[in-house]
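Commentary on secondary and tertiary structure
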Amino acid sequence: MSAKDKNFVWGVSTSAYQIEGAVAQDGRGPSIWDLRGKIPGKIGDGSNGEVACDHYHRWQEDLALAKKLGVSAYRFSIAWPRLLPEGRGAPNQKGLDFYDRLIDAQLAMAIEPWLCLYHWDLPQALHDRGGWTNRDCAGWFADFAALAAKRYGDRVKRFITFNEFSVFTLFGYAIDWAAPGITDRQAHLKAIHHVNLAHGAGVDVLRALVPKVSIGAIHNRQIVLPEGDKEENREAAALLDEHWNLAFPDPQILGHYPPRLAQAIEPYVQAGDLARICRPIDWFGLNHYGPIFARRDPDPKSTWGFGWGDAPPDSPTHGVGWAVFPDAFRAELVEIARRYKLPIYITENGCGGGDDAPDRQGRVKDAHRIRYLTLYNKAMRQAMKEGADVRGYFLWSLLDAFEWGSGLGPRFGLVHVDFKTLKRTPKDSFAWYAKLIQNDRRQSKRR
Ligand code: FCB
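Residues numbered from 1 in each chain as written. Predicted model: local features only at pLDDT ≥ 70, side-chain atom pairs only at ≥ 80, totals over all residues. Heavy atoms only, no water.

**Section: the overall build of the chain**
When its secondary structure is counted, the chain shows 16 helices and 13 strands. Residues counted as buried form 60% of the 447 residues belonging to the chain. Counted over contacts in the chain with a minimum sequence separation of 6, partners at least 24 positions apart contribute 77%. Total accessible area on the chain stands at roughly 17600 Å², and carbon and sulfur atoms take up 52% of it. (Helix = DSSP H or I, 4+ residues; strand = E, 2+ residues; numbered from the N terminus. Buried < 20%, exposed > 50% of the residue type's maximum accessible area, 1.4 Å probe, protein only. Contact = heavy atoms within 4.5 Å. Areas by Shrake-Rupley, 256 points an atom, 1.4 Å probe, with all protein chains shown as cover.)

Written out as structure tokens, the structure is:
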């Protein structure tokens, strides 16, 4: 178990594919998201991640912004296809060097690097061999984890195996909202199980290779409510809850799949698999934005018979239309603490808005984001009073970025990025977050 952080960890999160760009530079191989970006209609605004924030070239400017913000930790991901262009085999020296520079610069700024191995950018070469539907993918992931552990483990102690297991498997293999865009029940079940195996294998590799490592995995958890509180939507909500909230943390931490899923996945589970998946980890990473609503989907083409429903018409929402329910965040934190009995780091929480833009004076007034963050921080404090062992909070995100299927429209950053000129402009929320961190540090010194 990791030593309790002396101070609450305040951080920001990003991910490689969403900010780096430079997808064909310095030997990087293609990822499944590069291909998706080329298929008409798959990205809402017709954009792609080829340039994104051009962080690959502007990383120094971006880290300087993180430093100015005053965070003590930076959560980022490394791109598997930058390290291993074919997904396995010979590593790409220039890719390895890039993250060396990024890590060294963070350490020089007294920012602790929190390294996530997988934030959705599977090398296309592995997808061509079946990707997550192929059981061998767990081994390919373990080899990639070993490469990263050996190279960076002398300086990085915080490792994360995966970001949001259920989002990329459900949207990538059952619903076609994410790469690789498959809609098939059996492919989805295989992907769930193989990703769980990959997590377990990754934990073992990290534990063996990185002295004093602290390992976590990041789960999205959002309470799932039946749309309109209707009886006909209750079974859909229960099934979606298993897929969304339980399919990964339950086997990884409790050693079993939730009941409905356990039955469906059985054909793919071999003797000893649950012991391979359920490996000791040090903390629970939570990504949370708001509750979700489920409805029955009678379309025979629907993979699971559930679909995304609407929030009650009078619910408060933020710019991207997601429901704002801070009390669901509080309840989620308390429930995670009860169910999994691990320290919790909030690894993503934030607010998307489409119309953040600099005014004539160059100021980005994002009062809506400050309102959201204030409410969610209050809810977090309340959960801590109620016993949830929350040890840190990483805001999503440092920069406006490429938001997957929605493209460059939804802006989640504390820093505005003009995607034409790539100019960075800190928003009002940047100063707000900097102040919150400063005040908290001052108070904890007095405690
Ligand atoms: C999460 C993802 C992250 C970002 C935010 C808005 O689901 O982990 O990459 O897209 O949503």
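Once you've had a look at it, read on.
**A short note on the state of the cysteines**
In the structure shown here, the tally under the stated rule is zero disulfides. Cys137 provides the cysteine sulfur closest to Cys116, a residue in no disulfide bond, and the two sulfurs are 15 Å apart. A residue is classified by how much of its surface remains accessible, and Cys116, at 1% relative accessible area, is buried. (Disulfide = S-S within 2.5 Å.)

**Looking at the site of the ligand**
Every residue close to the ligand is listed here: Gln18, His119, Trp120, Asn163, Glu164, Asn287, Tyr289, Glu348, Trp396, Glu403, Trp404 and Phe412. Taking Asn163, its side chain carries an N or O atom lying 2.9 Å from an oxygen atom of the ligand. The side chain of Glu403 places a nitrogen or oxygen atom 2.5 Å from an oxygen atom of the ligand. (Near = heavy atom within 4 Å. Polar contact = N/O pair within 3.5 Å; in protein donor to acceptor, adjacent residues only side chain to side chain.)

**Considerations on the sheet that holds strand S7 (residues 283–287)**
Here we have eight strands rolled up into a closed barrel, ordered S1-S2-S3-S4-S5-S7-S10-S11, and parallel in their pairing. With strand direction ignored, the average angle separating the axes of adjacent strands in the sheet is 25°. Both S7 and strand S10 (residues 344–348) contribute to a ladder of four bridges, which runs parallel. The partner of Phe284 across the bridge, within S10, is Ile344. Strand contacts of helix H15 (residues 367–385): strand S1 (9–13), S10 and strand S11 (390–396), with the helix running at about 165° to S11, the strand carrying the most contacts. (Pairing = 2+ DSSP bridges. Axes fitted to C-alpha atoms, helices over the stretch in contact; angles between N-to-C directions.)

**Focus on the sheet that holds strand S8 (residues 292–296)**
Reading across the sheet, the three strands line up as S6-S8-S9 and stay open at both edges, with mixed pairing between neighbours. Across the chains shown, the open sheet's two edge strands, defined by having one partner strand only, are strand S6 (224–226) and strand S9 (306–308). Strand after strand, the sheet turns through a mean of 45° between neighbouring axes, direction not considered.

**A few points about the nonpolar core**
Ranked by size, the top nonpolar core spans 140 residues in total, and within it Trp132 and Tyr433 carry the most contacts. With nine residues, the next largest nonpolar core counts Ile218, Trp283, Tyr345 and Phe394 among its residues. (Core = buried A, V, L, I, M, F, W, Y, C linked by side-chain atoms within 4.5 Å.)

**A closer look at the pattern of salt bridges**
Using the criterion set out here, one finds 37 salt bridges in the structure. The partner of Asp104 in a salt bridge is Arg155, with the nearest N and O atoms 2.8 Å apart. Pair noted here: Asp104 is in helix H5 (residues 93–108) and Arg155 is in the loop between helix H7 (137–152) and strand S4 (158–163), with a separation of 51 residues, a long-range link. In this structure, Arg330 and Asp327 form a salt bridge, with 2.6 Å as the shortest nitrogen-oxygen distance. Of this pair, Arg330 and Asp327 both sit in helix H14 (residues 326–340), three residues apart, which is roughly one turn of that helix. Assessed through its relative accessible area of 47%, Asp327 is described here as partly exposed. The network of salt bridges with shared partners includes Asp97, Asp100, Asp104, Arg151, Asp154 and Arg155. (Salt bridge = Lys/Arg side-chain N within 4 Å of Asp/Glu carboxyl O.)

**Digging into the pairing of S4**
For S4, the buried fraction is high: six of the six residues fall into the buried class. Pairing analysis gives four bridges linking strand S3 (residues 112–118) to S4, with the strands arranged parallel. Along S4, the bridge assignment pairs Leu115 with Phe159. Where S4 meets strand S5 (residues 214–220), four bridges bridge the pair, whose relative direction is parallel. Bridge pairing in S5 places Arg158 opposite Ser214.

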